[in-house]
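Residues per chain, in single letters:
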Amino acid sequence: MTSVSTAITLISRSEVGQAASAGTCSPNLAREPWAFDASPMPEYGPGASMHDVAPAATPRQGELPKEYRTASAEDLDRRILNAKEVLGDSVVILGHFYQRDEVVKYADFVGDSYQLARAATERSAAEAIIFCGVHFMAETADMLSTPQQAVILPNLAAGCSMADMADIDSVLECWDQLSDIFGSEPDAAGRQPVIPVTYMNSSAALKGFCGEHGGIVCTSSNAAAVLAWAFERGQRVLFFPDQHLGRNTAKAMGVPLEQMPLWNPRKAWGGTDEQTLRDSRVILWHGFCSVHKRFTVAQIEKARMEFPDVRVIVHPECPMPVVDAADEAGSTDYIRKAIEAAEPGSTFAVGTEITMVNRLAAQHPEHTIFCLDPVICPCSTMYRIHPGYLAWVLEGLLDGRVLNRITVPHSVADPARVALNRMLSVRP
Ligand code: SF4
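Residues numbered from 1 in each chain as written. Predicted model: local features only at pLDDT ≥ 70, side-chain atom pairs only at ≥ 80, totals over all residues.

### Some words on the overall build of the protein chain
Part 1 of the reasoning: Counting secondary structure elements, the protein chain contains 20 helices and 13 strands.
Part 2 of the reasoning: Put simply, the protein chain has 428 residues, and 51% of those count as buried.
Part 3 of the reasoning: Within the protein chain, contacts between residues separated by at least 24 positions form 66% of all contacts whose residues are at least 6 apart in sequence. (Helix = DSSP H or I, 4+ residues; strand = E, 2+ residues; numbered from the N terminus. Buried ≥ 20, exposed ≤ 12 C-beta atoms within 10 Å, placed from the backbone. Contact = placed C-beta atoms within 7 Å.)

Laid out in structure tokens, this is it:
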């Protein structure tokens, strides 16, 4: 018991970059984002920002000025704190649960993507909202904030590999093929042939698509209620981009696995066939979170062997066998609250992003908390937000320049808000 909790505490108190070099899913995590850019063979992965090979539509980050690349951690700390003090209430910094500690320590709010977007709307005095998360989160904050507020993503290359797995062109192509099969007329009960449901972890374009086609957005907290809403209005659901959240949620609602075909956008007819689609209740997009798919049943079995009283909680973005083998599955907020409410001395094995697990372990020394995956693997795209980028955008504001503003055009934001508001009308 001691060895695990001690290791976690040590990691959470050290620089993530230093810990990363000790045994992570990628040695690139030990380097700074701009150092990774100089790699002769950059890839879409940890730390990349300027010359990586991310999908074509993914925003690229221009070169960070040298003064921020060469500044010491102490210098960046001093500059960030000074800018925050001078800017006062005119700026609010939001930090996602998965954001690295050396950035999140400057955040005015820490939460999941939806909590943070809502927090932004509650700080109406803030002219600038600096979102230390990933691109789709900043888009959502822009759509929910006022037009006078500028949402800033410190590193434009902080995307989400899962969100990138469903681009609007592929979804439109899929929709056309489904329309060829099902047409667009409702059945005798008034239910549409297909209701599109997008996870919050998707581009604004996909949220807009859902708004325009009678669909809705869901989060990992309300996915079951949203699916129930969709089943009332549709004969079947097209769920994207995360197959695992869709499968885990629908299975728990009693939908048989054979009625949940996978749609692979790289294959003709999604890799399935017309009859299977006709028999379907939920068509699952072939997307996944590269962080959560690392968790395995073997890890859970090992945790149970070493800690017989362990409580295993995993995120519903984990594969179905992992969710089935766990004691509970729930959103980041669910995990946080479950740990807060537990009797002192409890033992938790958690299947979610390592930065959040380490932080929970540090905040709750009364428990033993460890990550199911022994190999440290942070959300590599969120990891691209570095204090250097934060100092750069803050000092830009001091100079009267809004750097890296994320703006969703009205043509996308208006229908996307329709889908978001439908979600808000659903009672979990
Ligand atoms: S943890 Fe996974 S789903 Fe969440 S932002 Fe990172 S890549 Fe995307």
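Back to the write-up after that little detour.
### Observations concerning the nonpolar core
Part 1 of the reasoning: In terms of nonpolar packing, the biggest core is built from 126 residues, with Leu94, Ile129 and Phe131 touching the most fellow members.
Part 2 of the reasoning: Phe131 has contacts with Leu94, Met137, Ala138, Ala141, Val151, Ile152 and Leu153, leaving out every residue within four places of it along the chain. (Core = buried A, V, L, I, M, F, W, Y, C linked by C-beta atoms within 7 Å.)

### Focus on the site of the ligand
Part 1 of the reasoning: Around the ligand sit 13 residues, and of these Cys160, Met162, Cys289, Val291 and Cys379 come closest.
Part 2 of the reasoning: Of the residues contributing to the shell around the ligand, the split by class is eight nonpolar, four polar and one charged.
Part 3 of the reasoning: A domain split of the shell around the ligand shows at least three residues from each of domain 2 (27–160 + 382–408) and domain 3 (164–290 + 413–425). (Near = placed C-beta within 6 Å. Nonpolar A, V, L, I, M, F, W, Y, C, P; charged D, E, K, R; others polar. Domains from an automatic or database assignment.)

### Re unusual backbone geometry
Negative phi values dominate among residues other than glycine, just as trans dominates among peptide bonds.
Part 1 of the reasoning: The residue after Phe240, namely Pro241, is reached through a cis peptide bond having omega -5°.
Part 2 of the reasoning: In the Ramachandran plot, Trp269 falls in the positive-phi region, its phi being about 50° despite a non-glycine side chain.
Part 3 of the reasoning: As for its placement among the helices and strands, Trp269 is situated in the loop between β8 (262–263) and α14 (274–278).
Part 4 of the reasoning: Overall, the presence of 15 C-beta atoms within 10 Å leaves Trp269 in the partly exposed class.
Part 5 of the reasoning: For Asn404, which is not glycine, the phi dihedral falls at a positive 55°.
Part 6 of the reasoning: The residue Asn404 is located in the loop between α19 (387–398) and α20 (410–425) in this model.
Part 7 of the reasoning: Accessibility expressed as a C-beta count within 10 Å gives 22 for Asn404, which makes it buried.

### Details of the environment of Thr198
Part 1 of the reasoning: With respect to the helices and strands, the residue Thr198 is situated in strand β5 (residues 195–199).
Part 2 of the reasoning: By C-beta crowding, Thr198 is classed as buried, having 31 other C-beta atoms within 10 Å.
Part 3 of the reasoning: Taking the C-alpha atoms as reference, Thr198 lies 9.9 Å from Trp285; in sequence the two are 87 residues apart.
Part 4 of the reasoning: Dropping the residues within four chain positions of it, Thr198 is found in contact with Leu206, Lys207, Cys210, Gly215, Val217 and Phe240.

### Thoughts on the pairing of strand β12 (residues 347–351)
Part 1 of the reasoning: In terms of burial, β12 is a largely internal element, five of the five residues being buried.
Part 2 of the reasoning: The alternating pattern of β12 places Thr347, Ala349 and Gly351 on one face and Phe348 and Val350 on the opposite face, and all of these are buried.
Part 3 of the reasoning: Where strand β10 (residues 311–314) and β12 come together, four bridges link them in parallel fashion. Paired with Val312 across the strands is Ala349, a residue of β12.
Part 4 of the reasoning: One ladder, built from four bridges, connects β12 with strand β13 (residues 368–371); its direction is parallel. Considered in β13, the bridge of Thr347 is made with Thr368.
Part 5 of the reasoning: The β-α-β motif built from β12, the intervening helix α18 (residues 354–363) and the parallel element β13 has right-handed crossover chirality. (Pairing = 2+ DSSP bridges. Right-handed = clockwise from strand over helix to strand, strands pointing away.)

### A look at the sheet that holds strand β6 (residues 216–218)
Part 1 of the reasoning: As summarised here, the arrangement of the five strands in space is β6-β5-β7-β9-β8, forming an open sheet in which the pairing is parallel. With partners counted over all chains shown, the strands left at the sheet margins are β6 and β8, one partner each.

### Concerning the sheet that holds strand β1 (residues 91–96)
Part 1 of the reasoning: With respect to topology, four strands assemble into an open sheet ordered β2-β1-β3-β4, the strand pairing being parallel. Each of the sheet's edge strands pairs with one partner strand only, and the pair in question is β2 (109–111) and β4 (150–152). Geometrically, the sheet is characterised by an average inter-axis angle of 20° between neighbouring strands, direction not taken into account.
Part 2 of the reasoning: Relative to strand β3 (residues 128–132), β1 runs parallel, the two sharing five bridges. Opposite Ile93, over in β3, you have Ile130 as the bridge partner.
Part 3 of the reasoning: Most of the contacts of helix α8 (residues 135–144) go to β3, to which it runs at about 155°, and overall it touches β1, β3 and β4. (Axes fitted to C-alpha atoms, helices over the stretch in contact; angles between N-to-C directions.)

### A short note on the confidence of the model for the protein chain
Part 1 of the reasoning: Across the protein chain, pLDDT averages 88, with 86% of residues at or above 70.
Part 2 of the reasoning: Here residues 40–53 scores under 50 on pLDDT; set against residues more than four positions off or in separate chains, the count is 42 contacts. (pLDDT = per-residue confidence, 0-100.)

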